[in-house]
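So you can see what is in the structure, the chains are spelled out below.
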Amino acid sequence: MGLRGKDLIEVRGLEPAEIELILDTAESMKEIASRAIKKVPTLRGKTVVNLFLEPSTRTRTSFEIAGKWLSADVVNVSGSASSVVKGETLMDTAKNLEAMSPDCVVIRHAMAGAPHMLARALRAAIINAGDGAHEHPTQALLDLLTIREKKGHLDGLKAAIVGDIAHSRVARSNIYGMRKMGMTVTVAGPPTLIPPGVEELGVKVAHRLEEAIRDVDVVMMLRLQQERMQAALIPSLREYARLWGLTLDRLAAAREDVLIMHPGPVNRGVELAPEVADSRYSVILDQVANGVAVRMALLYLLIGGKPAEAGA
Amino acid sequence: MGLRGKDLIEVRGLEPAEIELILDTAESMKEIASRAIKKVPTLRGKTVVNLFLEPSTRTRTSFEIAGKWLSADVVNVSGSASSVVKGETLMDTAKNLEAMSPDCVVIRHAMAGAPHMLARALRAAIINAGDGAHEHPTQALLDLLTIREKKGHLDGLKAAIVGDIAHSRVARSNIYGMRKMGMTVTVAGPPTLIPPGVEELGVKVAHRLEEAIRDVDVVMMLRLQQERMQAALIPSLREYARLWGLTLDRLAAAREDVLIMHPGPVNRGVELAPEVADSRYSVILDQVANGVAVRMALLYLLIGGKPAEAGA
Amino acid sequence: MGLRGKDLIEVRGLEPAEIELILDTAESMKEIASRAIKKVPTLRGKTVVNLFLEPSTRTRTSFEIAGKWLSADVVNVSGSASSVVKGETLMDTAKNLEAMSPDCVVIRHAMAGAPHMLARALRAAIINAGDGAHEHPTQALLDLLTIREKKGHLDGLKAAIVGDIAHSRVARSNIYGMRKMGMTVTVAGPPTLIPPGVEELGVKVAHRLEEAIRDVDVVMMLRLQQERMQAALIPSLREYARLWGLTLDRLAAAREDVLIMHPGPVNRGVELAPEVADSRYSVILDQVANGVAVRMALLYLLIGGKPAEAGA
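Remember, predicted model here, so these are calculated numbers, not experimental data.

Thoughts on the overall build of chain A
In terms of regular secondary structure, chain A is built from 12 helices and 9 strands. By the compact-globule yardstick of 20 Å for 312 residues, chain A fits well, its C-alpha radius of gyration being 19 Å. With respect to the principal axes defined by its C-alpha atoms, chain A has extents near 60 × 45 × 35 Å. For chain A, buried positions account for 62% of its 312 residues. Restricting to contacts in chain A with at least 6 residues of sequence separation, those with at least 24 account for 73%. Taken as a whole, chain A presents about 11100 Å² of accessible surface, with 53% of it coming from carbon and sulfur. When the 38 positive and 37 negative side-chain charges of chain A are each reduced to one mean point, those points stand 3 Å apart.

So, the interface of chain C and chain A
Between chain C and chain A, the residue contacts involve 28 residues of the former and 29 residues of the latter. The partner of K39(A) in a salt bridge is D73(C), and the shortest N-O contact between them spans 2.6 Å. Counting the contacts that link chain C with chain A gives 9 residue pairs in polar contact (both at pLDDT 80 or more). Elements that contribute at least two residues to the side of chain C that touches chain A include exactly β2 (73-78) and α3 (90-99) of chain C. A class-by-class count of the residues in the side of chain C that touches chain A yields 11 nonpolar, 8 polar and 9 charged.

Points about the interface of chain B and chain C
Taken together, the contact pairs 28 residues of chain B with 28 residues of chain C. Carbon and sulfur atoms make up 53% of the area that chain B and chain C hide from each other, which totals about 2500 Å². The interface formed by chain B and chain C contains 3 salt bridges. Here D103(B) ties to K38(C) by a salt bridge, and the two come within 2.5 Å at their closest N and O atoms. Counting across the interface, chain B meets chain C through 10 residue pairs in polar contact (both at pLDDT 80 or more).

Notes on the sheet that holds strand β6 (residues 184-188) of chain C
Across a sheet, strands are paired by hydrogen bonds formed along the backbone, either parallel or antiparallel in direction. Residues and elements named next belong to chain C. Strands sit in the order β7-β6-β5-β8-β9 across an open sheet of 5 strands; the sheet is parallel. Unpaired on one side and paired on the other, β7 (204-206) and β9 (259-261) mark the two borders of the sheet. Put simply, the sheet's adjacent strands are angled 25° from each other on average, direction ignored.

A look at the sheet that holds strand β5 (residues 158-162) of chain A
Residues and elements named next belong to chain A. With parallel pairing, the 5 strands of this open sheet are ordered in space as β7-β6-β5-β8-β9. Both outer strands of the open sheet, β7 (204-206) and β9 (259-261), are each paired with one neighbouring strand and no more. Taken pair by pair, the neighbouring strands of this sheet meet at an average axis angle of 25°, ignoring direction. Strands β8 (218-221) and β9 of the sheet are contacted by helix α5 (residues 137-151), whose axis makes an angle of about 165° with β9.

Considering the relation of the copies chain B and chain C
Mapping chain B onto chain C calls for a screw motion: a turn of 120° about the axis and a shift of 0.0 Å along it, with 0.0 Å RMSD after fitting. What the rotation and shift describe, once combined, is the action of a three-fold rotation axis.

Topic: the pairing of strand β1 (residues 47-52) of chain B
Residues and elements named next belong to chain B. A large share of β1 lies buried, amounting to 6 of its 6 residues. Burial along β1 is two-sided: the face carrying T47, V49 and L51 and the face carrying V48, N50 and F52 are both buried. One ladder, built from 6 bridges, connects β1 with strand β2 (residues 73-78); its direction is parallel. Each residue of the ladder has a partner; that of N50, found in β2, is N76.

Remarks on the side chain of D143(C)
By secondary structure assignment, the location of D143(C) is in helix α5 (residues 137-151). In this view, D143(C) contacts V170(C), N174(C), M220(C), M261(C) and Q287(C); residues no more than four positions away in its chain are not counted.

Let's talk about helix α1 (residues 16-33) of chain C
For the α-helix, the turn length of 3.6 residues means that residues three or four positions removed from each other point alike. All names here are of chain C. Between the first and last C-alpha of α1 there are 26 Å, a value that for 18 residues agrees with the 26 Å anticipated at 1.5 Å per step. Turning to α1, its buried residues number three or more, namely E18, I19, L21, I22, L23, T25, A26, M29, I32 and A33. Those residues of α1 that are buried lie in contact with α2 (57-69), α5, α6 (169-180) and α12 (284-303).

Focus on the pattern of salt bridges
Side chains that differ in sign of charge can pair as their charged atoms come close. Following the criterion strictly, the structure yields 75 salt bridges over all chains and no others. Linking K151(B) and D257(B) is a salt bridge whose minimum nitrogen-to-oxygen distance equals 3.6 Å. Placement of the pair is K151(B) in helix α5 (residues 137-151) and D257(B) in the loop between α10 (248-251) and β9 (259-261), with a sequence separation of 106 residues. The partner of R250(C) in a salt bridge is E210(C), and the shortest N-O contact between them spans 2.9 Å.

What to know about unusual backbone geometry
Trans peptide bonds make up the majority, and among non-glycine residues the majority have a negative phi. Residues and elements named next belong to chain A. With an omega dihedral of -10°, the bond running from G264 to P265 counts as a cis peptide bond. By the element assignment, P265 lies in the loop between β9 and α11 (274-277). With a phi angle near 65°, S101 is a residue other than glycine that sits in the positive phi range. Structurally, S101 can be placed in the loop between α3 (90-99) and β3 (104-109). You can call S101 buried: its relative accessible area is 10%.

What to know about the packing of α3(C) against helix α4 (residues 114-121) of chain C
Residues and elements named next belong to chain C. Between α3 and α4, the least distance of the axes is 10 Å, while the angle of their chain directions is 45°. Judged on the interaxial angle alone, α4 and α3 are oblique. Seen along the crossing, α3 lies across α4 with a hand that is right-handed. Contact with α3, carried on its side by L90, M91, A94, K95 and E98, involves A114, M117, L118 and A121 of α4 and no other residues of that element. Residue composition of the contact of α3 with α4, by class: 7 nonpolar, no polar and 2 charged.

Topic: the side chain of R148(B)
All names here are of chain B. The residue R148 is located in helix α5 in this model. Taking relative accessible area as the criterion, R148 reaches 11% and is therefore assigned buried. A distance of 3.4 Å separates a polar atom in the side chain of R148 from a polar atom in the side chain of E27. Contacts of R148, omitting those with residues within four sequence positions, involve E20, L23, D24, E27, H153 and L154.

What to know about the pairing of strand β3 (residues 104-109) of chain C
All names here are of chain C. Buried residues dominate β3, accounting for 6 of its 6 residues. Residues C104, V106 and R108 line one face of β3 and the alternating positions V105, I107 and H109 line the opposite face, and both faces are buried. Across 5 bridges, the pairing between strand β1 (residues 47-52) and β3 is parallel. Pairing of N50 across the sheet is with V106, part of β3. Of the pairings in the sheet, the one linking β3 to strand β4 (residues 125-131) comprises 5 bridges and is parallel in character. The residue bridging V106 from the neighbouring strand is I127, located in β4.

Structural notes on the environment of E275(C)
All names here are of chain C. Position of E275 relative to the elements: it lies in helix α11 (residues 274-277). Residue E275 is classed as partly exposed on the basis of its relative accessible area of 46%. Taking C-alpha positions, E275 is 7.4 Å from T247, a pair spaced 28 residues apart along the chain.

What counts as what
- Residues numbered from 1 in each chain as written.
- Chains lettered and ligands numbered in written order.
- Predicted model: local features only at pLDDT ≥ 70, side-chain atom pairs only at ≥ 80, totals over all residues.
- Heavy atoms only, no water.
- Helix = DSSP H or I, 4+ residues; strand = E, 2+ residues; numbered from the N terminus.
- Rg over C-alpha atoms; globule rule 2.2 N^0.38 Å.
- Buried < 20%, exposed > 50% of the residue type's maximum accessible area, 1.4 Å probe, protein only.
- Contact = heavy atoms within 4.5 Å.
- Areas by Shrake-Rupley, 256 points an atom, 1.4 Å probe, with all protein chains shown as cover.
- Lys, Arg positive; Asp, Glu negative; His and termini not counted.
- Charge placed at Lys NZ, Arg CZ, Asp CG, Glu CD.
- Salt bridge = Lys/Arg side-chain N within 4 Å of Asp/Glu carboxyl O.
- Polar contact = N/O pair within 3.5 Å; in protein donor to acceptor, adjacent residues only side chain to side chain.
- Nonpolar A, V, L, I, M, F, W, Y, C, P; charged D, E, K, R; others polar.
- Buried area = accessible area lost by both parts, 1.4 Å probe.
- Pairing = 2+ DSSP bridges.
- Axes fitted to C-alpha atoms, helices over the stretch in contact; angles between N-to-C directions.
- Least-squares fit on C-alpha atoms with pLDDT ≥ 70 in both.
- Expected span 1.5 Å × (residues − 1).
- Parallel < 35°, antiparallel > 145°, perpendicular 65-115°, else oblique.
- Left-handed = near helix turned anticlockwise from the far one by under 90°.

Encoded structure:
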């Protein structure tokens, strides 16, 4: 069995069996990172274009390393250097890249829906590396891998996602993924940052941090974007940290075996106290390591098996 | 037989037999793009430096993919990141790169003549990826490959090149290449953008779009640079589009089997109506695909056969 | 015998035997640059991250080529593209990179001590590619290699280092390295750019250029950073060039077999007259070529022998 689609755009559209397949494949990829020779010939002669039209060091680096360990040719195209500068539309950029016969285009874009548009238009496999406030599926998949690794299973676990739920593609992808895998999800954050009707996604809403994190297996703290403050959605960083920042003190209300997660980069002292980020509860660096494994798995599943189609 | 020079700086200096050799080689390279494993060991252990001192996603990406498919090591050096920032002269930059023993330096530079200067000073093969308003030889070669592929031959064909002839390195390289291969060329555009004495290059000048495109095999529309408007060489984009933009309506005056070409990126709605860019006459994406093949051919012909000389 | 540490942070902490080992290894690496196939499988499956948080074309390119010729996977992370932009601390950036299991992180940073901090925190081998005004050890090692190559030995040679001694990491690393290898060092420059107590490093201070360069085997001219003038440490570029610029005229006072060195990029006409930079005394391009060899040697010595440890 493989994935049903040629692309990975949303967690929302994945079936639980597909998520299991990705996580199982990623687990077997993790072994490569521990070898003296971190290189397998699986994707030799395949070309992966990293089209990052929003800056992101870690996600781009993670995909680049994933591709290189699998022996793919990886070509980085970034926003500022791109001919998007010359006023070309995204679709023209994409069709032009496609004409160069890449097997996979990894795209990050500020506009929700951009990867979907590419997926419909291009023969190449498209991987969404984050699109606006829509989804960031590889982040959710690496989060699920981390939880499964630490807890041994996903079904029946309880998670709290805390922070700017309204604008977070990480939150959306995780809500879909966790729910599909049988987890219970509570979201929490300032009322201005909780989208109305979020309960329709199958989550509960908590109104205080303490209430959200009590008795859960996983606490996922979201990064607070400075822009939210400028938009007057929160009064100040200090006020936000006072009400919604996770400190060791507050963590006392949580279970002894709770996992603290964060998609990074962490605003230390804002959503997460440094002592919590570096505590034994934190699995933040496991998330990063699992990111490479999940991306290797997706590249393998999407472009590893089948022969490429003929170029234009 | 091979190329006569160690470099590719101008189409102007090429002999027709050399152009044929490049196109034939490119044709055989195209097959690689259609394979499941797009990788041959031809340039293993060769180093290609992409020195792009003017931004360009597609040309850089095209050279990078060309090099990687041939197994070369490709190193990108771009303008803003370069020590040009520290006030180093181009020649110092080049000599320093040369001291690192690259086999080939691909250079794009805003200054006409920069690649020529490097070619004289360096042992490495220099490929001109566009220098000021001088030449863009790989673009003309990929254009000729596309025309030959679609029409079966070049000799005796008629082409119109429309737009900013005065400032276009694409137009210059194509005029040289088309004339050498036995094609007839008509140029057309606003009088301010037609260089005086252009007829000396062996082309005719047309004063209206309709006149230029009637009865030709190929219409090559040039990108209008916004700078021209700022320099008051054209009254407005709207006015330019009205007089010189190719629409489906106007295309009715052309032959049924005309090829519409554009070096990209297209200003949709300015020099080319979207319906024309996406029409069955358009071979714009074939041009892009052929770009990789032509660059593979040049890398192969320039640095593929002979052993590299000893480093400094 | 190998290097004692897992990292290369300072020349200061190296033993003479370690320096000899690096230079000997680099010498054997130089042969690779002269081959038709510049590629050996030594570091296949090893991952090198080039973390350049200060711009630098040549040093980054030099490390990238060094890694690629040894068949390592090289991933570039640069300052502006990095999530340092998002306010992440250097340590978070580094720990995140580490979680992706690189074997080596090459770091350039404006802050003295940054590489040392990383070396303590990370399992990966850290190579200092220049940190603030502290050290630039690979530059000093390539300088020593160049001198040894040209003179046959280091012990007993006399060198003058001229320019902004106070702010130069190149000067500091060279002073340590030259002294360890038995060389005599004289420093010279405007009084505002000579650090008080510099004699404690085992060097003499000369107060005029002519005095410094008389009877030495090596003259190393430092790059004058424009910032120094803005900080009013020197009156003007012209005045600096008049007093401290090396011209052919002044060079007449030096020995017939003197070597002129410069870490590049040269401010032609400021610290070095063009005729001197391009003269037969100049070994500036040998320095660049030796840079690749020294970096290959360090990558080989630090990550070539031992199996990588398991990923997080």
